[in-house]
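# Examining the three-dimensional arrangement
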Amino acid sequence: MQFSQNFLDELTARCDIADVVGSYVNLTPKGGNQFGLCPFHNEKTPSFSVNTGKQIYYCFGCHKGGGVINFIMEVENLSFPEAVEFLAKRAGMEVPQNDRRDESAERQRKRLLQLNREAARWYYEVLLSEEGKAVRDYLEKRRISRKVAVNFGMGAAPNAWDRLLQEMTRRGYSKQELLAAGLIVANKNGGFYDKFRNRLMLPVLDHRGEVVGFGSRVIDNSEPKYMNTTETPVYHKRQVLYGLHLAKKTKRPNIILCEGNLDVVTLHQAGFDNAVASMGTALTVEQTRLLSRYTRELVLCYDNDGAGQQATERALQLLNNSEFTVKVLKLPNRMVDGQPKKQDADDFIKNHGAAAFENLLNGSGSGIEFRMAQIAGQFDLTDDRGKVEYTAAITPVLAALSGAVERDVYAVRAAEAAGISPEAMKAEVERARKKLGYQQKKQRERRELNPTLSVQPTQRGLRYSNPRSAMAEEGLIRLLHLDATIFGDTPPLKQEEFSNELLGRIFFLLWEYRSSPHPLNSLAGQLSGDEMSHLTAILQKPESTANAQKAMADYIATIKHEVEKRTVGEVDPLVQAMERNKAKKGYGGK
Ligand SMILES: [Zn+2]
């Protein structure tokens, strides 16, 4: 706990959740709650809800949830103390300095960012020195200008084992810190050496402009060709896009996603200051969330080889039904000695120039066109059987399009490709659409009918080993959150009596802050994002206080009974069967 409860209560009283969320999301009232488009996943119909009574938000689509502090942590990508400061500033409150205890994690973060910044600065100095000549030559060979190199803060790692290690320890950084930042590596004998040696260094800045890590490339033929910082307390590759700190200032209407860091560099140099790259990963939801702050249109520009096609396909799936308009920029092959040769964005611009790329950019087709062309490529459309197979493959893709006009337009185009009548293709698409709706409905029903499936947490990595006890534990948590006064002065259970570790932990944290009107905000610093989302999912379910005493007694009895069963071990099969029967009728009518 870094802040006093008084301070947090005062802060949350001044930061109404609907107000705060409302400055990021357009909210409209619906059935007692307020709904809007989720800022955490891509969607077209609102499943993001804000409950002002409970002062919580919860998304029924991606299952993220929490209180107002959590919301700011998630949406602004801040730590707990940073989010508290952010909200305090918004509410015009002073953060009491002596109120901040245990800042060690925050202090470490700041130290690592400072270390990264100094390392980047040092690599840059090396680049300008005698030792940097090989890397300078390499940049020249790739025709990367001095200006662009400086803009991207490029540097050179010297061809030596421990120059950075020596330099940074001299400046007062410990080996532990260098290790934590991923700048050095331990050898088998307990010694350390620089991770990056004899390489072009590409500092990775996050959207706020902090150096969070490094990408690098060899300048000779050694392996690995590209090497990035591994995960550190300040570098999470799923949440970073190379070049975004520059691309976010672009005046162009879209953002180009390409594969490699050097593609980004070449594109910026050619005047496409809207290029970014995901670093060594397929596009992630976290990255699309970041992008949605700056643009509504994405252009996928991956290499035109097999891996690039796959990356395009995966990105399209991720962006399917998102609020982004997605285009695919197709890089043509280059004819060399009568043979087609694959080229990436970097090659293309070098070979054909910026104007040619601009043409490609303007003419890039929509995501659906890319997929249609890809599917068409798999069949021989001069042959009747090929036409039938193509139609079977293309209809589910078209049926999944949510706009009726879009479905119509592309059905006509698919009909042309297959050489069948547009009416026949449209009929096929509508049939596939009905089937899709039916399948989705079935899936929903199956989930609702299967109680053990539906009680399982939706958060990844969480599972109830004893659903019956866990349901009672959830109920107890809801009651404690709704009205702590029905509980006496001592907790009704011991923490180890909870069948689920997380539920036990949550219950006792809530117990600690039970006098707070909105205890979730005190918990925001102590639960992970997933844990907080899970807690919000629990609080989201209905619970009445009308018969709270009775419900509480029932929940406690169930949990104790399950504890007994666990300690006694084997239970009579007949009793088990009866239990199952009871469970089927639904626990407590929830
Ligand atoms: Zn969501």
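Residues numbered from 1 in each chain as written. Predicted model: local features only at pLDDT ≥ 70, side-chain atom pairs only at ≥ 80, totals over all residues.

Next up on the list: the overall build of the protein chain. Summing up its helical and strand segments, the protein chain has 26 helices and 19 strands in all. Overall size of the protein chain, expressed as C-alpha extent along the three principal axes, is 85 × 75 × 50 Å. A total of 590 residues make up the protein chain; the buried ones form 36% of that total. The long-range share in the protein chain, meaning contacts at least 24 apart out of those at least 6 apart in sequence, stands at 63%. (Helix = DSSP H or I, 4+ residues; strand = E, 2+ residues; numbered from the N terminus. Buried ≥ 20, exposed ≤ 12 C-beta atoms within 10 Å, placed from the backbone. Contact = placed C-beta atoms within 7 Å.)

A cis geometry characterises the amide bond from E223 onward to P224, with omega recorded as -10°. Inspection of the secondary structure puts P224 in the loop between β10 (211–218) and β11 (226–228). Backbone geometry at H63 places phi at a positive 65°, although glycine is not the residue there. Turning to its location among the elements, H63 is positioned in the loop between β4 (56–59) and β5 (65–66). According to the C-beta neighbour criterion, H63 is buried, with 20 such atoms within 10 Å. Residue R143 is not a glycine yet carries a positive backbone phi of 60°. Tracing the backbone through its elements, the reader meets R143 in the loop between α6 (133–141) and α7 (146–151). With 12 C-beta atoms counted inside 10 Å, the residue R143 sits in the exposed group.

The subject of this paragraph is the sheet that holds strand β14 (residues 275–278). What the 6 strands build is an open sheet, ordered β12-β14-β13-β15-β16-β19; its pairing is mixed. The sheet is open, and its two edges are formed by β12 (241–242) and β19 (365–366), each paired on a single side. Across 2 bridges, the pairing between strand β16 (residues 325–328) and β19 is antiparallel. Bridging across to β19, V328 finds its partner in G365. In the packing of helix α11 (residues 261–269) onto the sheet, the strands contacted are β12, β13 (255–258) and β14, and the crossing angle to β14 comes to about 180°. (Pairing = 2+ DSSP bridges. Axes fitted to C-alpha atoms, helices over the stretch in contact; angles between N-to-C directions.)

Moving on: the sheet that holds β11. Pairing is antiparallel in the open sheet, where 4 strands are placed in the order β6-β9-β10-β11. Only two strands of the sheet have a single partner each, and these edge strands are β6 (155–157) and β11. On average, each strand axis in the sheet is tilted by 30° relative to the strand beside it, whichever way the strands run.

Time to look at the domain arrangement of the protein chain. As assigned here, the protein chain comprises domain 1 (5–99), domain 2 (105–235), domain 3 (241–372), domain 4 (377–449) and domain 5 (455–589). With 19 residues of domain 1 at the contact, the number on the domain 5 side is 18 residues. Elements with a minimum of two residues in the side of domain 1 that touches domain 5: α1 (5–14), β4, β5 and α3 (68–76). Of all the elements, α3 adds the most residues to the side of domain 1 that touches domain 5, at 5 residues. Of the residues that constitute the side of domain 1 that touches domain 5, the class distribution is 7 nonpolar, 8 polar and 4 charged. (Domains from an automatic or database assignment. Nonpolar A, V, L, I, M, F, W, Y, C, P; charged D, E, K, R; others polar.)

Here the focus is the environment of N228. Within the secondary structure, N228 is located in strand β11. Through-space distance from the C-alpha of N228 to that of G215 is 4.3 Å; in sequence the pair is 13 residues apart. Filtering out sequence-adjacent residues up to four positions away, N228 remains in contact with G213, F214, G215, M279 and G280.

A separate point is the nonpolar core. Counting 74 residues, the largest nonpolar core has L257, C258, V276 and L300 as the members making the most contacts within it. For this core, the domains that each give at least three residues are domain 2 (105–235) and domain 3 (241–372). If we ignore the near neighbours within four places in the chain, the residues touching C258 are D263, V264, L267, A275, A277, C301, Y302 and A345. Counting residues in each nonpolar core, the second largest holds 52 residues, with V20, L87, L480 and L502 among its members. (Core = buried A, V, L, I, M, F, W, Y, C linked by C-beta atoms within 7 Å.)

On to the environment of N274. You can see N274 is positioned in the loop between α11 and β14. Setting aside residues no more than four positions away along its own chain, N274 makes contact with A247, T250, R252, N254, I255 and I256.

Taken residue by residue, the protein chain gives an average pLDDT of 86. The fraction at 70 or more is 92%. A low-confidence stretch, residues 586–590 (pLDDT under 50), is modelled with 7 contacts involving residues beyond four sequence positions or located in other chains. (pLDDT = per-residue confidence, 0-100.)

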